[in-house]
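Coordinate inspection notes
Each chain, letter by letter, is given below.
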Amino acid sequence: MSDIVKEFNDYRTKMNDKILGDGNNKIIKRIFNLDTNAYTEGALDVKTKELLGLVASAVLRCDDCIKYHLETSYKQGLTKAEISEALGIATLVGGTIVIPHLRRAYEFWEALEAQG
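These lines cover the structure that appears in this document, whether it is placed above or below.

Cut-offs used in this document
Residues numbered from 1 in each chain as written. Predicted model: local features only at pLDDT ≥ 70, side-chain atom pairs only at ≥ 80, totals over all residues. Heavy atoms only, no water. 1 Å grid on protein atoms, 1.4 Å probe; cavity = no way out; pocket = protein on both sides within 12 Å on 5 of 7 lines; lining within 4 Å. Points joined across faces, edges and corners; volume = space filled by probe spheres on them. Helix = DSSP H or I, 4+ residues; strand = E, 2+ residues; numbered from the N terminus. Nonpolar A, V, L, I, M, F, W, Y, C, P; charged D, E, K, R; others polar. Phe/Tyr/Trp six-rings, centres within 6.5 Å; stacked < 30°, edge-to-face > 60°. Buried < 20%, exposed > 50% of the residue type's maximum accessible area, 1.4 Å probe, protein only. Axes fitted to C-alpha atoms, helices over the stretch in contact; angles between N-to-C directions. Parallel < 35°, antiparallel > 145°, perpendicular 65-115°, else oblique. Contact = heavy atoms within 4.5 Å. Patch = residues over 30% accessible without salt bridge, like charges linked within 9 Å, V, L, I, M, F, W, Y side chains within 5 Å. Areas by Shrake-Rupley, 256 points an atom, 1.4 Å probe, with all protein chains shown as cover. Salt bridge = Lys/Arg side-chain N within 4 Å of Asp/Glu carboxyl O. Left-handed = near helix turned anticlockwise from the far one by under 90°.

1. Points about empty space enclosed by the protein
- Evaluated as defined, the whole model comprises 1 cavity of 30 Å³ or more.
- Taken as a whole, the largest cavity spans an internal volume of roughly 40 Å³.
- L70, K80, I83, S84, L87, A105, Y106 and W109 are the residues that line the largest cavity.
- Elements represented by at least two residues in the lining of the largest cavity include exactly α5 (80-94) and α6 (99-115).
- At 4 residues, α5 tops the list of elements feeding residues into the lining of the largest cavity.
- Among the residues making up the lining of the largest cavity, the classes are represented as 6 nonpolar, 1 polar and 1 charged.

This is the structure we're talking about:
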């Protein structure tokens, strides 16, 4: 099996560097910055914000976003039980159309756990 975590991160880094290297697009740079700052500690802790991001990403059916929030959640020390419960809420809210994304989310979480 390929290393889906490494492949995702390598591609994300490569493309973000290209996008942010375009000095002509201040709007995109500002959105990237806003996104980064939105997930910092505030009235809500980082773990809670990551779970909110994960649920929203699943409901919106964005696999890249789901992977990003899963990895950040893993690095923040969230447990599989916490992730599973959050993804359960996402599936309830989003409906059965979220199930294929749920499958990929579980696969990605297992890859995160396997890499330690």
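2. Examining the packing of aromatic side chains
- Inspection of the entire model under this criterion finds 2 aromatic pairs.
- For the pair F8 and F108, a centre-to-centre distance of 5.8 Å together with 85° between the ring planes defines the contact as edge-to-face. Linking F8 in helix α1 (residues 4-21) with F108 in helix α6, this pair joins segments that are 100 residues apart in sequence. As far as the burial class goes, F8 and F108 line up, both buried.

3. Examining the packing of α5 against α6
- Contact pair α5 / α6: the axes reach a minimum separation of 11 Å and the direction vectors enclose 170°. Looking at the two axes, α5 sits roughly antiparallel to α6. In contact with K80, I83, S84, L87 and T91 of α5, α6 contributes I99, L102, A105, Y106, W109 and E113.
- Residues that form the contact of α5 with α6 fall into these classes: 7 nonpolar, 2 polar and 2 charged.

4. Re unusual backbone geometry
- Phi at R61 is positive, roughly 60°, even though this residue is not glycine.
- Mapped onto the elements, R61 comes out in the loop between α3 (46-60) and α4 (63-75).

5. Re a nonpolar patch on the surface
- Together, I19, L20 and I28 make up an exposed nonpolar region whose accessible area comes to about 200 Å².
- Along the polypeptide, L20 turns up in helix α1.
- By relative accessible area, which is 34% here, L20 ends up partly exposed.

6. What to know about the packing of α3 against α5
- At a closest axis distance of 9 Å, the pairing of α3 and α5 adopts a crossing angle of 35°. As for the relative orientation of α3 and α5, their crossing is right-handed in sense. Residues L51, L54, V55, A58 and V59 of α3 form the contact with α5, whose own contacting residues are E82, I83, A86, L87, A90, V93 and G94.
- Taken together, the residues of the contact of α3 with α5 sort by class into 10 nonpolar, 1 polar and 1 charged.

Geometry only, nothing functional implied.
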